[in-house]
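What follows is the residue order along each chain.
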Amino acid sequence: MPHNRASAATGTPVPARQRETGAGMFGVRAADVRRGGGGRRSAAAAGCVVIALAGVTGCGGGGDDGKPKAATRPAPSRPAATARALTEAQLTALALAEGEKAGGLTVSEYSQGGPLGDAYTASPAVCQPLVSLAGDVSGHTPIAQVQRRADQPGGILGVTVDVTLRSYAGGDAAEIMRALGRAGRACAGGFTEERAVARAAYEKAEPAAPPSFAGEADEAKAFRFTVLDVKGKQKLYEYLTVLRSGSTTLAFRGEILGTKDIGRIPEDVMAAQWRKFRAGRA
C-alpha cells in the first residue's frame, strides 16, 4: 500500500498514499482492523498531484529478458466455483493476529476501517486490480474480508506489508485472478492511480518472483510496480502478491518509505500467513 512525495522542508520522500481508517467504505467492512499507519499509502494525499504518465516501455511476460513471470497454476486443484465461501469469523481465525511476529515485522490490526488506498481507482479501468481489489471498486464484492498489517514495531520506518484475506461466492475468486492477469498484460507500460484529490503515475507494472510456496496455492500472481514521486523525478517501488486457495484470496502489498527497492515482499510474512491459513483449513 505507496507513492512518496518530497517534503517541502527537507526534500525527503514522505508517504502520499494514505492508509488512514474509515468506516468500512470499501465494499465490506474488515472484521479486524489495525491501528495507525506507516507506509507510503499511509500519509496525507491532499494536494499531491502527480505528473502525467511518462511514456515508458512496459515489461512483457518474461522469457528472453530473464525476468520472472507472474506465477499462475493452469489447473487449480480446487475450483473456486465449487468451494464454499468462508465467513468473517472463519477468516478472522485464519488471519495473523495482533502482536504475532513474522520475520522482523510485527502484525497489527486496523482500528476502524480498511486502508484508504482501497478506495482508489485506476485509469484505464483494466488496471484496477493492480490498484485495489476492494469490492466497491473492483466489481467483485467479497462475502467477507479481514485485513492486517505487518511493519516495524514502535513506529520505526521500514518495510510495511498489508495483508488482506477475502472470501468470494461462486467463481469470483478465480475471476479476480484472471483480472489480475489481464491487468498485468495490459498495464505493463504504466497507468494512473486516481485518488479523491490527486493522482499517481505508475511507470511500469512487471512480473515479480512469487513466493517459494506458491505451488501450494491454486493460483498465484506477483507484480513489481515502479511509481513516480510527486515531482516526477524519483522512482519508488511497490510489490503485490495474490494467492488463491479455493474461494479465498490472500493479498500482500509491500512497500518501504523512500526510494529503496525492497526486491520483493518479505517471504517470512507471506509464509507465516500462508501456514496459518493452510493449517486452519486442514
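All of these numbers come straight from a predicted model, not from anything done at the bench.

Novice: Help me understand the overall build of the protein, please; the structure alone is not making it clear to me.
Specialist: Along its length, the protein carries 5 helices and 12 strands. Across the 282 residues in the protein, those meeting the buried criterion constitute 55%. For the protein, the accessible area works out to roughly 11000 Å², and carbon and sulfur atoms hold 52% of it.

Novice: Just checking my understanding: could you explain the nonpolar core for this structure?
Specialist: Generally speaking, a soluble globular protein has its nonpolar side chains buried in company with each other. In this structure, Val 161, Leu 165, Leu 243, Phe 252, Val 269, Trp 274 and Phe 277 are the most contacted members of the largest nonpolar core, which totals 34 residues. Broken down by element, the residue count for this core peaks at 6 residues, all from helix α5 (residues 267–281). Ignoring anything within four residues of it in the chain, the contact list for Trp 274 reads Phe 213, Glu 216, Ala 217, Leu 243, Ser 245 and Leu 250.

Novice: Can you walk me through the environment of Ala 150 in this structure?
Specialist: Topologically, Ala 150 is positioned in strand β6 (residues 144–151). Measuring from C-alpha to C-alpha, the distance between Ala 150 and Lys 101 comes to 8.3 Å, with 49 residues separating the pair along the chain. Apart from residues no more than four positions distant in its own chain, Ala 150 is found in contact with Leu 105, Thr 106, Val 107, Val 159, Thr 160, Val 161 and Val 269.

Novice: Where do I start with the environment of Arg 84 in this structure?
Specialist: Relative to the helices and strands, Arg 84 is located in the loop between β2 (13–15) and α1 (88–94). Sequence-wise, Arg 84 and Ala 169 are 85 residues apart; in three dimensions their C-alpha atoms are separated by 7.2 Å.

Novice: Help me out: how do you make sense of the sheet that holds β6 in this one?
Specialist: Within a sheet, neighbouring strands are paired by backbone hydrogen bonds and run either parallel or antiparallel to one another. With antiparallel pairing, the 10 strands of this open sheet are ordered in space as β3-β4-β6-β7-β12-β11-β10-β9-β8-β5. Strands with a single pairing partner mark the edges of an open sheet, and in this sheet they are β3 (101–102) and β5 (121–123). Across 10 bridges, the pairing between strand β10 (residues 219–228) and strand β11 (residues 235–245) is antiparallel. Its bridge partner lying in β11, Thr 226 is registered against Tyr 237.

Novice: Can you walk me through α5 in this structure?
Specialist: Every α-helical turn comprises 3.6 residues, leaving residues that sit three or four positions apart pointing alike. An ideal rise of 1.5 Å per residue puts 21 Å on 15 residues; α5 measures up with 21 Å between its terminal C-alpha atoms. Buried within α5 we find Val 269, Met 270, Ala 271, Ala 272, Gln 273, Trp 274 and Phe 277.

Novice: Please clarify how the environment of Val 161 should be interpreted in this entry.
Specialist: Secondary-structure assignment places Val 161 in strand β7 (residues 159–167). Taking relative accessible area as the criterion, Val 161 reaches 0% and is therefore assigned buried.

Novice: What should I look at first to understand the pairing of strand β12 (residues 248–256) in this one?
Specialist: Look at any regular strand and the pattern is simple: side chains alternate between the two faces of the sheet. With 9 of 9 residues buried, β12 is to be regarded as a mostly interior element. Every second residue of β12 is oriented toward a common face, with Thr 248, Leu 250, Phe 252, Gly 254 and Ile 256 on one face and Thr 249, Ala 251, Arg 253 and Glu 255 on the other, all of them buried. Pairing of β7 with β12 involves 9 bridges; the strand directions are antiparallel. Opposite Val 163, over in β12, you have Phe 252 as the bridge partner.

Novice: Explain the side chain of Asp 118 to me, please; I cannot follow it from the model alone.
Specialist: Secondary-structure assignment places Asp 118 in the loop between β4 (105–109) and β5. Residue Asp 118 is classed as buried on the basis of its relative accessible area of 8%.

Novice: Could you clarify how one ought to interpret the side chain of Glu 219 in this entry?
Specialist: Within the secondary structure, Glu 219 sits in strand β10. We classify Glu 219 as buried; its relative accessible area is 9%. Of note is the side chain of Glu 219, whose polar atom sits 2.7 Å from the side chain of Arg 244.

Novice: Explain the pattern of salt bridges here, please?
Specialist: All told, the structure shown has 16 salt bridges when counted by the stated rule. In this structure, Asp 118 engages Arg 166 in a salt bridge whose closest nitrogen and oxygen atoms are separated by 3.8 Å. Highlighted residues: Asp 118 in the loop between β4 and β5 and Arg 166 in strand β7, separated in sequence by 48 residues. As far as burial versus exposure is concerned, Asp 118 and Arg 166 are alike and both buried. Asp 162 is the salt-bridge partner of Arg 149, the closest N and O atoms lying 3.0 Å from each other. With Arg 149 in strand β6 and Asp 162 in strand β7, this pair connects stretches of sequence that are 13 residues apart. Each of the salt bridges in this network shares a partner with another, and the network as a whole consists of Arg 149, Asp 151 and Asp 162.

Novice: What is the right way to read the confidence of the model for the protein from this model?
Specialist: Any segment with low pLDDT has predicted coordinates that should not be analysed in fine detail. On average, the protein scores 78 in pLDDT, and the residues at 70 or more come to 71%. A low-confidence stretch, residues 18–38 stays under pLDDT 50, and its non-local contacts, those more than four residues away or across chains, total 89 contacts.

About the thresholds
Residues numbered from 1 in each chain as written. Predicted model: local features only at pLDDT ≥ 70, side-chain atom pairs only at ≥ 80, totals over all residues. Heavy atoms only, no water. Helix = DSSP H or I, 4+ residues; strand = E, 2+ residues; numbered from the N terminus. Buried < 20%, exposed > 50% of the residue type's maximum accessible area, 1.4 Å probe, protein only. Areas by Shrake-Rupley, 256 points an atom, 1.4 Å probe, with all protein chains shown as cover. Core = buried A, V, L, I, M, F, W, Y, C linked by side-chain atoms within 4.5 Å. Contact = heavy atoms within 4.5 Å. Pairing = 2+ DSSP bridges. Expected span 1.5 Å × (residues − 1). Polar contact = N/O pair within 3.5 Å; in protein donor to acceptor, adjacent residues only side chain to side chain. Salt bridge = Lys/Arg side-chain N within 4 Å of Asp/Glu carboxyl O. pLDDT = per-residue confidence, 0-100.

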